[in-house]
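Residue strings, one per chain:
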Amino acid sequence: MKNEVDPNDLKRLWQSQKPGLVEMSLDEIRGKAQEHRRKIRRRNAVEYLALAVVVAFMGFLVWKFHDPLMRAGAALCIAAGLYMGYQLYKRGSVMMEPVDRALMTWFDCHRLELVRQRDLLRNSWRWYLGPPIPGLVVMAVAGGISNPGHLPHIWRVVAAYSVVAAAAFLLVRRMHVRCVRNLQRQIDELDAQEKQL
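Since we're looking at a predicted model, the values are computed, not measured.

J.: When you look at the overall build of the protein chain in this model, what are you seeing that I'm missing?
T.: From N to C terminus, the protein chain includes 7 helices and 0 strands. The order of α-helices and β-strands along the protein chain, N terminus first, is α-α-α-α-α-α-α. Sequence separation of 24 or more characterises 78% of the internal contacts of the protein chain that already satisfy a separation of 6 or more.

J.: Would you mind going over the packing of aromatic side chains with me for this structure?
T.: Working definition: an aromatic ring pair is given by the centre-to-centre distance plus the angle between the planes. In total, this model carries 2 aromatic pairs according to the counting rule given. For the ring pair Phe-60 and Trp-63, a centre distance of 5.8 Å and an interplane angle of 45 degrees mean the geometry is tilted. Taken as a pair, Phe-60 and Trp-63 lie in helix α2 (residues 26-64) at a separation of 3 residues, close to a single helical turn.

J.: What exactly am I supposed to notice about the layout of surface pockets here?
T.: To locate leftover empty space, one rolls a probe as large as a water molecule over the atoms. Each pocket or cavity is described by its volume, and for the largest pocket that value is around 630 Å³. His-36, Lys-39, Ile-40, Asn-182 and Leu-183 are the residues nearest the centre of the largest pocket, which is lined by 24 residues in total. Contributing elements (two or more residues each) for the lining of the largest pocket: α2, α4 (103-122), α5 (124-129) and α7 (154-196). Among the elements that take part in the lining of the largest pocket, α7 stands out by supplying 10 residues, more than any other. Grouping the amino acids of the lining of the largest pocket by side-chain chemistry returns 11 nonpolar, 6 polar and 7 charged. Estimates place the volume of the second largest pocket at around 350 Å³. Lining the second largest pocket are 16 residues; nearest its centre among them are Leu-51, Val-54, Met-84, Pro-132 and Phe-169.

J.: Help me understand the nonpolar core, please; the structure alone is not making it clear to me.
T.: A general feature of soluble globular proteins is that nonpolar side chains tend to end up buried together. Judged by nonpolar contacts, Ile-29, Ala-33, Trp-106, Phe-107, Leu-114, Val-115, Leu-121, Val-180, Leu-183, Ile-187 and Leu-190 together constitute the single largest core of 11 residues. Put simply, the parts of the chain that give this core at least two residues each are α2, α4 and α7. It is α4 that contributes the most residues to this core, 5 residues altogether. Filtering out sequence-adjacent residues up to four positions away, Leu-121 remains in contact with Arg-43, Arg-173, His-176, Cys-179, Val-180 and Leu-183.

J.: Could you clarify how one ought to interpret the confidence of the model for the protein chain in this entry?
T.: Overall, the predicted model of the protein chain reaches an average pLDDT of 82, with 78% of residues at or above 70. Note that pLDDT drops below 50 for residues 18-22; the model gives that stretch 4 contacts with residues more than four away or on any other chain.

J.: I'm lost on helix α6 (residues 132-146) in this one. Help?
T.: One full turn of an α-helix is made of 3.6 residues, so residues set three or four places apart face in the same direction. Compared with the 21 Å implied by 1.5 Å per residue over 15 residues, the 21 Å span of α6 between its first and last C-alpha is a close match. Among the residues making up α6, those that are buried are Pro-132, Gly-135, Met-139, Ala-140, Ala-142, Gly-143 and Gly-144.

J.: Hey, could you run me through the pattern of salt bridges in this one?
T.: Think of it this way: side chains of opposite charge can pair up when their charged atoms draw near. Applying the stated rule across the entire model yields 7 salt bridges. The shortest N-O distance in the salt bridge between Arg-42 and Glu-35 comes to 3.8 Å. One salt bridge connects Arg-118 with Asp-119, and the closest N-O pair in it is separated by 3.0 Å. Overlapping salt bridges, with partners in common, bring together Glu-35, Arg-38 and Arg-42 in one network.

J.: I tried to follow the environment of Arg-43 on my own but got confused; where do I start?
T.: Take Arg-43: it is sitting in helix α2. Residue classification places Arg-43 among the partly exposed positions, given a relative accessible area of 22%. The spatial distance from the C-alpha of Arg-43 to the C-alpha of Gly-92 is 9.7 Å, given a sequence separation of 49 residues. Those residues in contact with Arg-43, other than ones at most four positions away along the chain, are Leu-88, Gly-92, Gln-117, Leu-120 and Leu-121. Within the structure, Arg-43 has its side chain in polar contact with the side chain of Gln-117 (distance 3.0 Å).

J.: How do you make sense of the packing of helix α3 (residues 68-92) against α6 when you look at a structure like this?
T.: Any two packed helices are characterised by the angle at which their axes cross and by the distance between the axes. The geometry of α3 relative to α6 is characterised by a closest axis approach of 8 Å and an angle of 165 degrees between their N-to-C directions. If you check the angle between α3 and α6, you find them roughly antiparallel. Two packed elements cross with a definite hand, and for α3 against α6 that hand is left-handed. Between α3, through Leu-69, Met-70, Ala-72, Gly-73, Ala-74, Leu-76, Cys-77, Ala-80 and Met-84, and α6, the contact on the second element is made entirely by Pro-132, Pro-134, Gly-135, Leu-136, Val-138, Met-139, Val-141, Ala-142, Gly-143 and Ile-145. In terms of residue class, the contact of α3 with α6 is built from 16 nonpolar, 3 polar and no charged.

What counts, and at which threshold
Residues numbered from 1 in each chain as written. Predicted model: local features only at pLDDT ≥ 70, side-chain atom pairs only at ≥ 80, totals over all residues. Heavy atoms only, no water. Helix = DSSP H or I, 4+ residues; strand = E, 2+ residues; numbered from the N terminus. Contact = heavy atoms within 4.5 Å. Phe/Tyr/Trp six-rings, centres within 6.5 Å; stacked < 30°, edge-to-face > 60°. 1 Å grid on protein atoms, 1.4 Å probe; cavity = no way out; pocket = protein on both sides within 12 Å on 5 of 7 lines; lining within 4 Å. Points joined across faces, edges and corners; volume = space filled by probe spheres on them. Nonpolar A, V, L, I, M, F, W, Y, C, P; charged D, E, K, R; others polar. Core = buried A, V, L, I, M, F, W, Y, C linked by side-chain atoms within 4.5 Å. Buried < 20%, exposed > 50% of the residue type's maximum accessible area, 1.4 Å probe, protein only. pLDDT = per-residue confidence, 0-100. Expected span 1.5 Å × (residues − 1). Salt bridge = Lys/Arg side-chain N within 4 Å of Asp/Glu carboxyl O. Polar contact = N/O pair within 3.5 Å; in protein donor to acceptor, adjacent residues only side chain to side chain. Axes fitted to C-alpha atoms, helices over the stretch in contact; angles between N-to-C directions. Parallel < 35°, antiparallel > 145°, perpendicular 65-115°, else oblique. Left-handed = near helix turned anticlockwise from the far one by under 90°.

Pasting the structure below:
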């Protein structure tokens, strides 16, 4: 028959189609925005707790050690921890939910929050990873200087400490880069969605 379609043609047509954008409803956008806010609040709570522990521990070191260089390094770490906490609060806290429940208000608010968090993590060397480095370096040098007779290879220990610290910093940075990519993907999806509205 002339009206019959070859099954191979249908299969090729189906496979050649580009996947279309799945439209999100107002409730889906609101749900994604609220879930993202919960994640940010949990992340910040964990970060504040970790910073409090570090600041308290460094305060203990300032009190315990009599070496001025070690105390200076610990004090620098305390200042870095306080700075990191302030930056996280200032730039990484969750914004207010939109009062108006209109689609574009939720949409714009969610997109803005994604952009803020992306930019926060994109610049983590400046506010999160960089600030504690001077204090840690001063403490490592102080440890090497104050114990030359107690440990025959103190500089090897300091070098190992430095390598472990650098590896930890690079691992955290790698996680931040992965989060930045994920946030950018979500922003791109919202931008594509906005064009459909």
